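# Observations on the three-dimensional arrangement
If you want the building blocks of each chain, they are given just below.
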Amino acid sequence: MSNWTDAIVGERMTVDREFNDRIRQSEFSNQEWGLIMTAVEFEIEDATDPEDARIVADTSKLPQIMPELDNISQQMGAMAGGGDPDGGSSGGAFGNLLSDIKDVILGGGGGGSGGVDQQRLEAAERLTQEYADELQRHLESKGKFEQVRLAYQE
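Note that this is a predicted model, so its numbers are computed, not measured.

Here the focus is the overall build of the chain. In terms of helices and strands, the chain carries seven helices and two strands. Counting helices and strands in the order they occur from the N terminus, the chain gives α-α-α-β-β-α-α-α-α. Expressed as a percentage of the 154 residues in the chain, the buried residues total 34%. Excluding contacts between residues fewer than 6 apart, the proportion of contacts in the chain whose partners are at least 24 apart in sequence is 71%. With an accessible surface of roughly 9,200 Å², the chain has 48% of that area assigned to carbon and sulfur atoms.

For Asp46, which is not a glycine, the phi torsion comes out positive at approximately 55 degrees. Residue placement: Asp46 occurs in the loop between strand E1 (41-45) and strand E2 (54-58). Since its relative accessible area comes to 43%, Asp46 is described here as partly exposed.

Between helix H2 (residues 9-25) and helix H6 (residues 118-141), the least distance of the axes is 10 Å, while the angle of their chain directions is 135 degrees. In terms of orientation, H2 and H6 fall into the oblique class. Both H2 and H6 take part in a crossing whose hand is right-handed. Only Leu127, Glu130, Tyr131, Glu134, Leu135, His138 and Leu139 of H6 make contact with H2, whose side of the interface consists of Glu11, Arg12, Thr14, Val15, Asp16, Glu18, Phe19, Arg22 and Ile23. When grouped by side-chain class, the residues that make up the contact of H2 with H6 number seven nonpolar, two polar and seven charged.

It is worth spelling out H2 at this point. Over its 17 residues, H2 extends 24 Å from the first C-alpha to the last, a length consistent with the 24 Å expected when each residue adds 1.5 Å. Where H2 bends most, at Phe19, the angle is about 40 degrees. Along H2, the residues that are buried comprise Glu11, Val15, Phe19 and Ile23. Contacts made by the buried residues of H2 are with helix H3 (30-38) and H6.

Our focus in this paragraph is the pairing of E1. Judged by which residues are buried, E1 turns out to be one-sided: Phe42 and Ile44 face inward and are buried, whereas Glu41, Glu43 and Glu45, on the alternate face, are not. Direction of pairing for E1 relative to E2: antiparallel, over a ladder of five bridges. By the bridge assignment, Glu41 is partnered in E2 with Asp58.

Cut-offs used in this document
Residues numbered from 1 in each chain as written. Predicted model: local features only at pLDDT ≥ 70, side-chain atom pairs only at ≥ 80, totals over all residues. Heavy atoms only, no water. Helix = DSSP H or I, 4+ residues; strand = E, 2+ residues; numbered from the N terminus. Buried < 20%, exposed > 50% of the residue type's maximum accessible area, 1.4 Å probe, protein only. Contact = heavy atoms within 4.5 Å. Areas by Shrake-Rupley, 256 points an atom, 1.4 Å probe, with all protein chains shown as cover. Axes fitted to C-alpha atoms, helices over the stretch in contact; angles between N-to-C directions. Parallel < 35°, antiparallel > 145°, perpendicular 65-115°, else oblique. Left-handed = near helix turned anticlockwise from the far one by under 90°. Nonpolar A, V, L, I, M, F, W, Y, C, P; charged D, E, K, R; others polar. Expected span 1.5 Å × (residues − 1). Bend = angle between axes of the 7 residues up to and from the residue. Pairing = 2+ DSSP bridges.

Next up, the structure:
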């Protein structure tokens, strides 16, 4: 099934360029988006059915990279003046320390998801599926999706 992705490298590069505006509008930086994309694999759901076949993002590995994504976000926040990477004014490192202490004392920090920021994870999942949808639209507009769908089945 990897041959199908090899066959669309050029098309993906085109979609990447077109999708840059969407990334700039998202909560993720280009660096964060690059990391997200390393953890995502694309599959064709219902590949045997020409009518229902669609590219989907397999995001099952995203939770594993979320801590590193948070590190990138914190580093970028520090470089931008030490503010909270989420856009608030937490007081920089001191605010982060207080937040960490509060989380330990009050049991916060992950909402029971093992420390993964559920909202950022869901945002990454949504954005990668938007990318998959855009990739499919692009392939269809070029008349290549059928060829890709068949290659996926091999």
